[in-house]
Amino acid sequence: MARSAVKRAFKYRFYPTDAQAAELSRTFGCVRLVYNKALAERTRAWFTEQRRVNYNQSSAALTEWKKDPDLAFLNEVSSVPLQQGLRHLQTAFRNFFDKRARYPRFKSRKKSKISAEYTRSGFTYRDGKLYLAKMSEPLDIVWSRPLPEGVEPSTVTVSRDSAGRWFVSLLCADTVAHHPATDGAVGIDAGLDHLVTLSTGEKVANPRHERRDRTRLAKAQRALSRKQKGSNNRARARVKVARVHARITDRRRDHLHKLTTRLVRENQVVVIEDLSVRNLLKSSTLARAISDAAWSELRSMLEYKCAWYGRELVAIDRFFPSSRLCSACGTLREKLPLNVRTWRCGCGARHDRDVNAAINIRAAGLAVSACGAGVRPQRESSRTGRSVSKQETHPARGEILFL
């Protein structure tokens, strides 16, 4: 059976002692400080001297900062997370120069993710126990699932979320066995009334996790708004709000994992639409519902699970008129308002809007897969590199037409 070599993160919750929590909190603050100082120095060097500062120069600057009496506390924490913070900054700049991300931003104590990363020199893993640098006792980890046998983690990331929960993520090199080959193929139409509609006719209900807890969330937010800023009562109220958000996020992620695992296990080819979720979130009326559906997270799960388990994921062009195309005869309707959920074609076929779209998505994806056109049909333009032609697939004959 074929296998894939992957890097896999195993995330566990742990409960630190008071001393460990204090040490980790100091480490988080030092990592944030070093990152921000290095970012400020690189920004100043470029705008005042037109000079680029690389990781090696930032690392040398860190050594000098530790000699400053005002920054002597940097010597009290492990140097490994500080160096990793500089490496993350280097990666952020590389992504910016390659036009994959925006210019790096400063880390905020309240809004940024609170975490610290340890490499092999910063932790010890033996006999099922994890020891971090500067700590004499192992972390009290809840081992909800075992690590791969005979595999040791290469990096360890410790984090604390806004609800005050502590997590440790262990990155390991693992091998994943491919699922047995199957002839199944499924088209997926994402929606809001139903989370997804499959080409088989199955409709998966949208749990609407945020809506189910909206009353509880509103109550906690009202209580927070009445507390005096800077008080301990406000801090406790903020944690209560964060716990509601964490509950919503955990339940949503659990549902998406179960759904995507089933789809990947049962089908050899999975076809989705290449939706621009970022643009859809600009809608003032649908943004909240789209965020609750988590279409981007659904796609990311399908992408890595298909790669792990030997499946093929095909994303058809977002402009493919899947809803307006008759899956029986291939007739294309000029208009189909969103409030029209069922319609009848001139050939006599009666369609459910979402099921018909999923069937057309499946047919288009299989045609793209058969011709080896790649994951996403590209749209070329003679002037701007954008599309002037639209790819259409006749579901009855499997032909690819360019209109």
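Because the structure is predicted, anything quoted here is derived from the model rather than measured.

Undergrad: Just to check I follow, could you spell out the overall build of the protein for this structure?
TA: Tallying secondary structure elements over the protein gives ten helices and 15 strands in all. Taken along the three principal axes of its C-alpha coordinates, the protein extends 80 × 50 × 50 Å. Within the protein, the fraction of its 403 residues that count as buried is 42%. Pairs at least 24 residues apart make up 69% of the contacts formed inside the protein by residues separated by at least 6 positions. Here the protein has roughly 23,000 Å² of accessible surface; of this, 50% comes from carbon and sulfur atoms.

Undergrad: When you look at a nonpolar patch on the surface in this model, what are you seeing that I'm missing?
TA: A cluster of nonpolar residues, Trp46, Phe47 and Tyr103, forms a patch on the protein surface that exposes about 320 Å² of accessible area. Summarising the element assignment, Trp46 is placed in helix α1 (residues 18–49). Of the residues examined, Trp46 reaches a relative accessible area of 35% and is grouped as partly exposed.

Undergrad: Would you mind going over the UniProt feature "domain: Probable transposase IS891/IS1136/IS1341" (unreviewed entry) in the protein with me for this structure?
TA: UniProt's feature table lists "domain: Probable transposase IS891/IS1136/IS1341" (unreviewed entry) at residues 179–283, given in the numbering used throughout. With 52% helix and 18% strand, the stretch residues 179–283 has end C-alpha atoms that lie 39 Å from each other.

Undergrad: What is the right way to read a positive patch on the surface from this model?
TA: Where like charges cluster on the molecular surface, the positive patch consists of Arg13, Arg236, Lys240 and Arg243. Ranked by residue count, the leading element in the positive patch is helix α6 (residues 232–266), at three residues. Take Arg243: it is sitting in helix α6.

Undergrad: Looking at this structure, how should I read the sheet that holds strand β8 (residues 194–198)?
TA: Hydrogen bonds along the backbone pair up the strands of a sheet, which may run parallel or antiparallel. With respect to topology, five strands assemble into an open sheet ordered β9-β8-β7-β10-β11, the strand pairing being mixed. Edge strands, defined here as strands with exactly one partner in the open sheet, are β9 (203–205) and β11 (312–316). When strand polarity is set aside, the average angle formed by the axes of neighbouring strands in this sheet is 25°. Two elements, strand β10 (residues 269–273) and β11, share five bridges in a ladder whose sense is parallel. Among the inter-strand pairings, Val269 is bridged to a residue of β11, identified as Glu312. Most of the contacts of α6 go to β8, to which it runs at about 5°, and overall it touches β7 (185–190), β8, β9 and β10.

Undergrad: Sorry if this is basic, but what is going on with the pattern of salt bridges here?
TA: When the charged atoms of two side chains lie near each other, side chains of opposite charge can form a pair. Considering all chains together, one arrives at 25 salt bridges under this definition. Between Glu202 and Arg262 there is a salt bridge, and its shortest N-O distance comes to 3.0 Å. Residue Glu202 is found in the loop between β8 and β9, and its partner Arg262 is found in helix α6; the two are separated by 60 residues along the sequence. Ionic contacts of the salt-bridge type, sharing partners, join the residues Asp161, Arg165, Asp250, Arg253 and Glu297 into one network.

Undergrad: I keep staring at the domain arrangement of the protein and nothing clicks. Help me out?
TA: Splitting the protein by domain gives domain 1 (3–177) and domain 2 (185–206 + 248–371). Contacts between the two partners involve seven residues from domain 1, matched on the other side by four residues from domain 2. Roughly 450 Å² is buried in total at the junction of domain 1 and domain 2, and carbon and sulfur atoms are behind 52% of that figure. Between the two partners, domain 1 and domain 2, sit one salt bridge. Across the pair Asp250 and Arg165 runs a salt bridge, and its minimum N-O distance is 2.9 Å. At the surface where domain 1 touches domain 2, the tally comes to two residue pairs in polar contact (both at pLDDT 80 or more).

Undergrad: Could you clarify how one ought to interpret unusual backbone geometry in this entry?
TA: Excluding glycine, most residues fall at negative phi; most peptide bonds, likewise, are trans. Positive phi is not limited to glycine here, since Gln50 has a value of about 55°. Within the secondary structure layout, Gln50 lies in the loop between α1 and α2 (55–67). In this model, Lys134 sits at a positive phi of 75°, which is unusual for a non-glycine residue. Mapped onto the elements of the fold, Lys134 is located in the loop between β4 (129–132) and β5 (155–160).

Undergrad: I keep staring at the packing of α2 against helix α3 (residues 79–97) and nothing clicks. Help me out?
TA: A pair of packed helices is characterised by two quantities: the angle between their axes and the separation of those axes. The N-to-C vectors of α2 and α3 enclose an angle of 145°; their axes lie 10 Å apart at closest approach. For the element pair α2 and α3, the recorded crossing hand is right-handed. Touching Tyr55, Ser58, Ser59, Leu62 and Lys66 of α2 are Ser79, Leu82, Gln83, Leu86, Arg87 and Gln90, all from α3.

Undergrad: Can you help me understand α2 in this one?
TA: In an α-helix, one turn spans 3.6 residues, which is why side chains three or four residues apart end up on the same side. With 13 residues, α2 extends 19 Å from end C-alpha to end C-alpha; this agrees with the ideal 18 Å at 1.5 Å per step. Taken as a whole, α2 has its buried residues at Tyr55, Ser58, Ser59, Leu62 and Trp65. For α2, the angular spread of buried residues about the axis comes to 110°, placing them on one side. Counted as exposed and oriented over 90 degrees from the buried face of α2: Asn56 and Lys67. Buried residues in α2 make contact with α1 and α3. Residue Asn54 occupies the N-cap position of α2, its side-chain oxygen lying 3.2 Å from the main-chain nitrogen of Asn56.

Calculation rules
- Residues numbered from 1 in each chain as written.
- Predicted model: local features only at pLDDT ≥ 70, side-chain atom pairs only at ≥ 80, totals over all residues.
- Heavy atoms only, no water.
- Helix = DSSP H or I, 4+ residues; strand = E, 2+ residues; numbered from the N terminus.
- Buried < 20%, exposed > 50% of the residue type's maximum accessible area, 1.4 Å probe, protein only.
- Contact = heavy atoms within 4.5 Å.
- Areas by Shrake-Rupley, 256 points an atom, 1.4 Å probe, with all protein chains shown as cover.
- Patch = residues over 30% accessible without salt bridge, like charges linked within 9 Å, V, L, I, M, F, W, Y side chains within 5 Å.
- Salt bridge = Lys/Arg side-chain N within 4 Å of Asp/Glu carboxyl O.
- UniProt positions renumbered as here; feature names shortened; annotations may be inferred.
- Lys, Arg positive; Asp, Glu negative; His and termini not counted.
- Charge placed at Lys NZ, Arg CZ, Asp CG, Glu CD.
- Pairing = 2+ DSSP bridges.
- Axes fitted to C-alpha atoms, helices over the stretch in contact; angles between N-to-C directions.
- Domains from an automatic or database assignment.
- Buried area = accessible area lost by both parts, 1.4 Å probe.
- Polar contact = N/O pair within 3.5 Å; in protein donor to acceptor, adjacent residues only side chain to side chain.
- Left-handed = near helix turned anticlockwise from the far one by under 90°.
- Expected span 1.5 Å × (residues − 1).
- Arc of directions from axis to C-beta.

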